[in-house]
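# Structural features, examined
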Amino acid sequence: MPKDANGNWYPEMFQKQVDVFNSQDRALLVVGPRLSGKTVAVCQRICRHLWETPDARVIMFAKTMKSSKNAGTWDLLITRVIPEWIKANIGFRFTTENRGEPGPKTDGITRTPHFKVTNMHGGESEMLLFSLDNDDEVEAKIKNLACSMIFFSELDNFGDRRVLMVGMGALRMAHLTYDDQQWIADCNPSEDGEQSWIYKLFYLERGMTYEQHCEYQRSQELPVFTPEEFKGFFDQLNVIEILPRDNTFIDPRSLLEVKVNCGADQGMYARLVEGKWVWGGGDKSRHFRSSFKENIHVVGNADSSNEEDWEVAIPHPGSFDLITGLDIGETNHAGAIIDSQIVNLPDPKDAKKVIERKCFTVLGELVSIGKEVSIDDFTLGFMDEIAEIERMAGRTYILEERCYSDRSSLEKYSAVGDTFPYLQVQAASGGRLVLQGVDKAAGSVRIRVQLLKMLLVTKRIKFSANCKFAIRMLKDLRKGTGRLDFIPPTDENKHIFDAITYALLMECYDELANLPDQTGRRSGFVVHV
């Protein structure tokens, strides 16, 4: 049984886990790929806090309750780590019971899983598990909490740095000193790579000099802190990276399995085997991750918190009409505004020749997901987006001739509006949006994915930096499990994908119509007006 220099018991750990176990940092991020042992290290740190801190209260946040309890971090803590502490015979034991057995229980009213254990001071410490399905709820869920340790499991599942800012504010138990309380999280390197808020905060900002901090804050129109404030905050943040090779307890065969399973995907191998913060590079669980390059396909800059300072794309000088694509649903709506121009490109079959091809720029978008927004209200908002583009360009564009949507908008009667969606759009737009229905033939989704990939690879499409939903779609649109669900129906990115690709499909009709599909037939699409 391992003991420290003073003869006190401590869990069996390898060195990187010991570093986590001994951390006194105010905010600690533990990063590592699969099989690195990072989660066990954090669980051991939690148990130490529960044991050594008088009347400790640890609050754990997981993205969903189910993911943590069913063979997740909460389950690991309860079934593996805490039993190790109990078997050490130091006095650590559960004081809560579930059906007469010592262990965690669920509150009958709040449905919150929790447990209490003894601590070395003769009292009790407690731990509670909460879910945080929506990042926007972080302030509402945390602002009234007081705890001595707050733990975010799989931090890369949380998309907002408020989980750190608000979470650190919850470390306010009056009977404890500032140094006795800790924010802690574990994560894999995020799929967003260096664009992740986690990387930006814990790696870039934490590693800045004070001069770099001042320059960065001013560029983002954010407040600049004094040298003392800058140092005082970032000195209390720490990152401990753990790699599978650090884990002396791992079975080499398990590591080999992960390597081989990720070996066909550069992005997954880099993140989940090597622990690198990378984005792209062939993540085969996403449709466009290998094709989309932000430095190539994004025009302008929309990083400023002030929209008036954004640099956005506008139609090229020769444009006289704009393309629009709409995906109108019952609760989810999406629309895209697209400019096109014909350019001469090298003929791929004969380098000495040129051919005329359309190139596209997605200028604007409007997306409403999971909200009760009527078709009329959405259309009015969409027309406001068009009006802003026209204001910047200093002219009015023709819209009626190149407006596309799913054919169901023309054929599916809406009982709520007592009319058809295309008529609602036409009326709300003052007659400027006259929808043409796109026939969704067999394999349409697959063809639209391939079309967008082709346009990305050949650099024939770009996106204005203010098109946040479209850019997120290009990064994150997931692959389904087969031909019938080429895109998972639950992926919220599909709505802006549909809006954009309905338009692209019809605008590139001539190209597609002359290409044989995999069965040898000519690809054909029907437009319904």
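On a predicted model such as this, the values are computed, not experimentally measured, just so you know.

Of all hydrophobic cores here, the largest spans 41 residues; its most connected members are Phe288, Leu452, Ile461, Phe463, Met473, Ile496 and Ile500. Mapped by element, the contributors of at least two residues to this core are β13 (333–347), β14 (350–368), α16 (444–457), β17 (461–464), α17 (468–476) and α18 (494–507). Sort the elements by how many residues they give to this core and α18 lands first, with nine residues. Among all residues touching Ile461, those that are not within four sequence positions of it are His297, Phe360, Val362, Leu452, Leu455, Leu456 and Leu504. Listed in part, the 38 residues of the second largest apolar core include Ile46, Trp74, Phe92 and Phe94.

Running from N to C, α16 and α18 cross one another at 80 degrees; their axes reach a closest spacing of 10 Å. By the angle between their directions, the pair α16 and α18 is classed as roughly perpendicular. Contact residues: Val445, Ile447, Arg448, Val449, Leu451, Leu452 and Leu455 in α16; Phe497, Asp498, Thr501, Tyr502, Leu504 and Leu505 in α18. Class assignment for the residues of the contact of α16 with α18 results in 10 nonpolar, one polar and two charged.

Across all of its chains, the model carries 21 aromatic pairs by this definition. Ring geometry for Tyr199 versus Tyr203: centroids 4.8 Å apart, planes at 10 degrees, classification stacked. Placement of both Tyr199 and Tyr203 in helix α7 (residues 197–205) is noted, with a separation of four residues, approximately one turn of the helix. It is Arg26 that lies over the ring of Tyr178; its NZ or CZ is 3.8 Å from the centre.

A word on the environment of Ile198. Counting through the fold element by element, Ile198 comes out in helix α7. You can call Ile198 buried: its relative accessible area is 0%. Along the sequence, Ile198 and Ser405 sit 207 residues apart, while their C-alpha atoms lie 38 Å from each other. Excluding anything up to four places from it in sequence, Ile198 contacts Leu29, Leu155, Asp156, Tyr203 and Trp277.

A separate point is the sheet that holds strand β6 (residues 113–118). Ordered in space as β5-β6-β7-β2-β8-β9-β1-β10, the eight strands form an open sheet in which the pairing is mixed. Each end of this open sheet is capped by a strand with a single partner; those strands are β5 (105–106) and β10 (237–241). Relative to strand β9 (residues 182–187), strand β8 (residues 149–152) is paired through four bridges, and the arrangement is parallel. By the bridge assignment, Phe151 is partnered in β9 with Ile184. With respect to the sheet, helix α2 (residues 38–52) is in contact with β1 (27–31), β2 (57–62), β6, β7 (124–131), β8 and β9, its orientation differing from that of β9 by roughly 160 degrees. On top of the sheet, helix α6 (residues 162–169) reaches β1, β8 and β9; it is set at about 150 degrees to β9, its chief contact.

Mean pLDDT for the protein chain: 87, with 91% of residues reaching 70 or above. Predicted confidence is poor over residues 516–529, with pLDDT under 50, and the contacts of this stretch with residues over four places away or in other chains come to 32 contacts.

Here we come to a negative patch on the surface. A cluster of acidic side chains, namely Glu221, Glu307, Glu308 and Asp309, defines a negative patch on the protein surface. Mapped onto the elements, Glu221 comes out in the loop between α8 (210–219) and α9 (227–234).

Attention now goes to the environment of Tyr269. On the secondary structure map, Tyr269 appears in helix α11 (residues 266–272). Sequence separation between Tyr269 and Lys259 is 10 residues; the distance between their C-alpha atoms is 7.0 Å. Ignoring sequence-local partners within four residues, the contact set of Tyr269 consists of Lys259, Cys262, Gly263 and Glu274.

As for its position among the elements, Glu507 is in helix α18. A polar atom in the side chain of Glu507 sits 2.5 Å from the side chain of Arg402. Among the polar contacts listed, one links the side chain of Glu507 to the side chain of Tyr404, at a separation of 2.7 Å. In contact with Glu507, other than residues within four places in its own chain, are Ile323, Lys358, Phe360, Arg402 and Tyr404.

Conventions and cut-offs
Once a new chain begins, its residue numbering starts again from 1 and follows that chain's sequence as written. Reporting in this predicted model follows two pLDDT cut-offs: at least 70 for local features of residues, and 80 or more for side-chain atom pairs to be given and counted; totals over whole chains, interfaces and linings ignore these cut-offs and use all residues. Side-chain calculation: all heavy atoms of the structure are included, whereas hydrogens and water are not. We define the nonpolar core as a collection of buried residues of types Ala, Val, Leu, Ile, Met, Phe, Trp, Tyr and Cys that are connected through side-chain atoms lying within 4.5 Å of one another. Relative accessibility decides the category of a residue: with a 1.4 Å probe and only protein chains considered, values under 20% of the type maximum give buried, values over 50% give exposed, and everything between is partly exposed. For the purposes of this entry, the term helix denotes a DSSP run of H or I that reaches at least four residues, the term strand denotes a run of E that reaches at least two, and both are numbered from the N terminus. We call two residues in contact whenever any of their non-hydrogen atoms come within 4.5 Å of each other. Lines are fitted to the C-alpha atoms to define the axes, a helix being fitted only along its stretch in contact, and any angle between axes, read from their N-to-C directions, falls within 0 to 180 degrees. Angles are sorted into four bins: roughly parallel if under 35 degrees, roughly antiparallel if over 145, roughly perpendicular if 65 to 115, and oblique for all others. Residues are sorted three ways: Asp, Glu, Lys and Arg are charged, Ala, Val, Leu, Ile, Met, Phe, Trp, Tyr, Cys and Pro are nonpolar, and all the rest, Gly among them, are polar. Stacked, tilted and edge-to-face are the three classes assigned to paired rings of Phe, Tyr and Trp, where Trp is represented by its six-membered ring and a pair needs centres within 6.5 Å; plane angles under 30 degrees give stacked, over 60 edge-to-face, the rest tilted. In this scheme, the term charge over a ring applies when either NZ of a lysine or CZ of an arginine sits within 6 Å of the ring centre and within 35 degrees of the ring normal. Two strands make a pair as long as DSSP finds a minimum of two bridges between them. Scored from 0 to 100, pLDDT reflects the predictor's confidence in each residue. Patch membership needs two things, relative accessible area over 30% and no salt bridge, and members are linked within 9 Å if like-charged or within 5 Å if nonpolar (Val, Leu, Ile, Met, Phe, Trp, Tyr). Areas reported as accessible are Shrake-Rupley estimates using a 1.4 Å probe. Residue values count occlusion only from the protein chains shown. Salt bridge, as used here, is a side-chain nitrogen of Lys or Arg placed within 4 Å of a carboxyl oxygen of Asp or Glu. We score Asp and Glu as negative and Lys and Arg as positive, and we do not count His or the chain ends. The atom standing in for a charge is NZ when the residue is Lys, CZ when it is Arg, CG when it is Asp and CD when it is Glu. The term polar contact refers here to a pair of N or O atoms within 3.5 Å; inside protein, the definition further demands a hydrogen-donor-capable atom paired with an acceptor-capable atom, and it admits residues adjacent in sequence only when both atoms are side-chain atoms.

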